[in-house]
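# Structural features, examined
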Amino acid sequence: MSKAPMRVAVTGAAGQIGYSLLFRIASGEMLGKDQPVILQLLDLPQAQKAVKGVMMELEDCAFPLLAGMIATDDPNVAFKDADVCLLVGARPRGPGMERADLLTANGAIFTVQGKAIAENAKEDVRVLVVGNPCNTNAYIARAAAIKVGRTNPNNYHGMLRLDHNRALSQLAAKSGREVSSLKKMVVWGNHSPSMYADYRFCESNGDSVKALINDHAWNNDVFLPTVGKRGAAIIEARGLSSAASAANAAIDHVHDWVLGSNDWVTMGVPSDGSYGIPEGVVFGFPCECKGGQFKIIQGLEIDEYSKGKIAITLKELEDERAAVADMLK
Ligand SMILES: NC(=O)C1=CN([C@@H]2O[C@H](COP(=O)(O)OP(=O)(O)OC[C@H]3O[C@@H](n4cnc5c(N)ncnc54)[C@H](O)[C@@H]3O)[C@@H](O)[C@H]2O)C=CC1
Ligand SMILES: O=C([O-])CC(=O)C(=O)O
């Protein structure tokens, strides 16, 4: 007998990440090749026509696992009984907009959506925020959801997986090892240039990648800025922000969370106080997933250099948290 469909809500469904994401979800790449899905697509009223066009294309693929789809501009409808919510739609930074303005504009969106998820989705819903600034947007959605109760506060995540995957590719190129051989990578902190991509624990076929590379100047002056500023480099090259790679990272994050990871994966999760990160801050941590649950890898040694890097990215997140504090009262 085939499995009961899982309901996947996707916001910003008419956008460029949506266009790279929806077809892969419908083909079973995110939740498994035996898992039917129902897509619940949210976008703004003015984008509904474009969402309909995407739905026509989804229909034209005749995906055997696509058990249904709806389009709406109402978050309460989009999140109804959802098992997974991918919050992609966000307010982009406009001309002359400061970071604080961006935080406030998105705060308004994510308080509404967090509340709507907590009131309508399944109690064990898994939420991944992609829309930037994704850590703080996830923090806001979680805070709004906690006020309602019902859903699991640990299940509101921000997406650091793109940074993790970018770091793996840079390390593979530098070390000459296959990307699939690289294990135990982690990116600490915020999805912003302040993130700290840390390959001190990384292994390839039993060898230490740090020892293989053995080049602190490359780490500090090339690797970290390349990974940290990759989003900006793509915007510069493409004239548009990364979309297919962002969609791929969202698929990876949810796939591993639901179906299990066979390696460390970086997830932006609400801190439980691990590594001195204040509770509730949505922070990139090394995680392992099993039986549908994630857990933060414990006990890693944090050297002085890494302490400094982690403090910088934490400070940025704490400033973002302070900028939205009034909205969450
Ligand atoms: N966390 C990460 O690693 C990455 C995050 N991003 C972020 O993802 C977000 C989406 O990127 P794109 O798809 O390229 O943008 P886009 O501009 O192509 O699409 C955004 C879509 O969201 C919709 N939208 C805006 N406000 C909404 C709301 N309140 N409710 C529902 N839908 C809403 C828009 O109408 C549009 O269809 C951006 O914030 C971008 O910065 C992009 C790449 C990587
Ligand atoms: O800056 C953006 O909108 C895109 C982004 O997050 C990334 O590519 O990492």
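Residues numbered from 1 in each chain as written. Chains lettered and ligands numbered in written order. Predicted model: local features only at pLDDT ≥ 70, side-chain atom pairs only at ≥ 80, totals over all residues. Heavy atoms only, no water.

Definition in use: UniProt positions are given in the numbering used here, feature names are shortened, and annotations may be inferred rather than shown by experiment.
Per an unreviewed UniProt entry, the protein carries the name Malate dehydrogenase and comes from Thauera aminoaromatica S2. Its UniProt record gives the protein the following Sequence similarities (unreviewed entry) comment, quoted word for word: "Belongs to the LDH/MDH superfamily. MDH type 2 family." Per UniProt, the protein has the following entry under Function (unreviewed entry): "Catalyzes the reversible oxidation of malate to oxaloacetate."

### Re the site of ligand 2
Our working rule: Distances are taken per atom, and a residue is near a molecule or strand as soon as one of its heavy atoms is within 4 Å of it. Under the rule applied, a polar contact is a pair of N or O atoms within 3.5 Å (in protein, one hydrogen donor and one hydrogen acceptor; residues adjacent in sequence only if both atoms are side-chain atoms). In these tables, accessible area is a Shrake-Rupley quantity obtained with a 1.4 Å probe, and a residue counts as shielded only by the protein chains included in the view. Grid points spaced at 1 Å and placed over the protein atoms alone form the basis of the search, with a cavity being a set where a 1.4 Å probe fits but cannot get out and a pocket an open set showing protein on both sides within 12 Å along at least five of seven lines. Lining residues have an atom within 4 Å of a point. To qualify as sitting in a cavity or pocket, a molecule needs more than half of its atoms within 2 Å of the grid points. Each residue gets one label: Ala, Val, Leu, Ile, Met, Phe, Trp, Tyr, Cys and Pro are nonpolar, Asp, Glu, Lys and Arg are charged, and the others, such as Gly, are polar.
Every residue lining ligand 2 is accounted for by N132, R166, H191, G231, I235, S241 and S242. For ligand 2, an oxygen atom lies 2.7 Å from a polar atom in the side chain of H191. For ligand 2, whose accessible area on its own is 270 Å², the fraction buried by protein is 72%. At a threshold of 2 Å from the grid points, most atoms of ligand 2 map onto the largest pocket. Of the residues contributing to the shell around ligand 2, the split by class is one nonpolar, five polar and one charged.

### Thoughts on the pairing of strand β12 (residues 265-270)
To keep things clear, this is the line we draw: Throughout, exposure labels follow a simple rule: accessible area from a 1.4 Å probe, protein chains only, divided by the maximum for the residue type, with under 20% read as buried, over 50% as exposed, and the rest as partly exposed. Every helix listed is a DSSP run of H or I at least four residues long, and every strand listed is a run of E at least two residues long, numbered separately from the N terminus. Note: two strands are recorded as paired if DSSP finds a minimum of 2 bridges between them.
Of all six residues in β12, six are buried; the element is thus mostly enclosed. Side chains of β12 alternate between two faces, with V265, M267 and V269 and T266, G268 and P270 buried alike. Two strands pair when backbone bridges link them, and β12 and strand β13 (residues 282-290) are joined in this way by six bridges, in the antiparallel orientation. Following the sheet pairing, T266 is matched in β13 by P286.

### Here's the deal with the pattern of salt bridges
Selection criterion: We count a salt bridge whenever a side-chain nitrogen from Lys or Arg sits within 4 Å of a carboxyl oxygen from Asp or Glu.
One pass over the structure, following the stated rule, counts 18 salt bridges. Across the salt bridge formed by R166 and D163, the nearest N and O atoms sit 3.8 Å from each other. Within this pair, R166 and its partner D163 are both found in helix α6 (residues 161-175), separated by three residues, close to a single helical turn. Summarising the burial analysis for this pair, R166 and D163 share the class buried. Salt bridges sharing common partners tie together R161, D252 and D256.

### Some thoughts on the packing of aromatic side chains
Basically, it comes down to this: For Phe, Tyr and Trp, where Trp contributes only its six-membered ring, two rings pair if their centres lie within 6.5 Å, and the inter-plane angle classes them as stacked under 30 degrees, edge-to-face over 60, or tilted in between.
Summed over all chains, the structure comprises 11 aromatic pairs. One aromatic cluster in this structure is built from W188, Y275, F283 and F285.

### Section: the sheet that holds strand β7 (residues 182-183)
In any sheet, the strands associate via hydrogen bonds between backbone groups, in a parallel or an antiparallel arrangement. Overall, antiparallel pairing links the three strands, which are arranged β7-β10-β11 in an open sheet. The sheet terminates laterally at β7 and β11 (207-208), the two strands that pair on one side only. Sheet analysis places β7 next to strand β10 (residues 203-204), joined by two bridges and oriented antiparallel. Each bridged residue has a counterpart across the sheet, and for L182 the counterpart in β10 is S204.

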